[in-house]
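Tertiary structure, described
Below are the chains, spelled out letter by letter.
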Amino acid sequence: MIRVNKGGHRGKYNNAHTGKFHPTHPEKFKGNYIPVYKSSLELKFMRYCDRNPQILMWDYEGLHIKYKDRSEKPEKIRDYHIDFVIYVRNP
């Protein structure tokens, strides 16, 4: 869970913007929820994916990979969330 402070900031220094992204082309976004960006760089990339005609579909944190965390005793099974998955038109 991400703690969001007043003004849409998160984190220790209150300088990382976060918010909901509402795609202008929702048919391209394949997620089950409105994506929440956690940085201005993520917001820029979401806009790029939404506006680029070469990108057919995109998803945000929709793909999870399970892995063993061997740094803890006993080992724990954790999930790695891939930030973006995009499907691009082949030229």
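Predicted model, so just to flag it, every value in this text is computed and none were measured. (Residues numbered from 1 in each chain as written. Predicted model: local features only at pLDDT ≥ 70, side-chain atom pairs only at ≥ 80, totals over all residues. Heavy atoms only, no water.)

1. Quick word on the overall build of the protein chain
To keep things clear, this is the line we draw: Put simply, DSSP H or I for four residues or longer makes a helix, DSSP E for two residues or longer makes a strand, and each gets a number counted from the N terminus. Throughout this description, buried means an accessible area under 20% of the type-specific maximum (1.4 Å probe, protein chains only), exposed means over 50%, and partly exposed covers the range between. Note on contacts: a residue pair is in contact if any heavy atoms of the two residues lie within 4.5 Å. The method behind every accessible area is Shrake-Rupley, applied with a 1.4 Å probe, and residues are considered shielded solely by the protein chains displayed.
Regarding its fold elements, the protein chain presents one helix and seven strands. Listing each helix as α and each strand as β along the protein chain from the N terminus yields β-β-β-β-β-α-β-β. Of all 91 residues assigned to the protein chain, the portion counted as buried reaches 22%. For the protein chain, the proportion of contacts with a sequence separation of at least 24, taken over those separated by at least 6, is 38%. Accessible surface, the protein chain: about 7200 Å² in total, of which carbon and sulfur atoms supply 55%.

2. Describing the pairing of strand E6 (residues 55-69)
To keep it simple, the criterion reads: At least two DSSP bridges between two strands are needed for those strands to be called paired.
The sheet contact formed by E6 and strand E7 (residues 76-88) spans twelve bridges and is antiparallel. Within the sheet, the bridge partner assigned to Ile55 lies in E7 and is Val88. Connecting E6 to the antiparallel partner E7 that follows it, the hairpin turn spans six residues.

3. Brief notes about helix H1 (residues 40-51)
To keep it simple, the criterion reads: Helix span, as expected, comes to 1.5 Å for every residue beyond the first. Think of the arc as the fan of directions from the helix axis to the C-beta atoms.
With twelve residues, H1 should reach 16 Å at 1.5 Å per residue; the first-to-last C-alpha distance of 17 Å fits that figure. Those residues of H1 lying buried are Glu42, Leu43, Met46, Cys49 and Asp50. Seen end-on, H1 carries its buried residues on one side only, within an arc spanning 125°. Those residues of H1 that are exposed and aimed more than 90 degrees away from the buried face are Leu41, Lys44 and Arg51.

4. Topic: the nonpolar core
Counted only if it meets this: By nonpolar core is meant a set of buried Ala, Val, Leu, Ile, Met, Phe, Trp, Tyr and Cys residues that side-chain atoms within 4.5 Å join together.
One finds Phe21, Phe29, Tyr37, Leu43, Met46, Cys49, Ile55, Trp58 and Tyr60 forming the largest nonpolar core, which totals nine residues. Broken down by secondary-structure element, the contributors of at least two residues to this core are H1 and E6. Excluding anything up to four places from it in sequence, Cys49 contacts Lys28, Ile55, Trp58 and Ile86.

5. Here's the deal with the packing of aromatic side chains
Filter applied, for reference: Here a pair means two rings of Phe, Tyr or Trp (six-membered ring of Trp) with centres within 6.5 Å. Their orientation is stacked below 30 degrees between planes, edge-to-face above 60, and tilted elsewhere.
Scanning the entire structure with this criterion turns up six aromatic pairs. An aromatic cluster is built from Phe21, Phe29, Phe45, Tyr48, Trp58, Tyr60 and Phe84, whose rings are joined through pairwise contacts.

6. Focus on a nonpolar patch on the surface
Cut-off, in case you're wondering: Two distance rules govern patches: like charges are joined within 9 Å, and nonpolar side chains (Val, Leu, Ile, Met, Phe, Trp, Tyr) within 5 Å, applied only to residues with over 30% relative accessible area and no salt bridge. Salt bridges are defined by distance alone: a side-chain nitrogen of Lys or Arg within 4 Å of a carboxyl oxygen of Asp or Glu.
A surface patch of nonpolar side chains, amounting to about 390 Å² of accessible area, comprises Leu63, Ile65, Tyr67 and Tyr80. For the nonpolar patch, the leading source of residues is E6, giving three residues. For Leu63, the location among the structural elements is in strand E6.

7. Brief notes about the pattern of salt bridges
Taken as a whole and judged by the stated rule, the model has six salt bridges. Of the charged contacts in the structure, one is a salt bridge between Lys76 and Glu72, with a shortest N-O distance of 3.5 Å. One connected set of salt bridges, linked through shared partners, spans Asp69, Glu72, Lys76 and Arg78.

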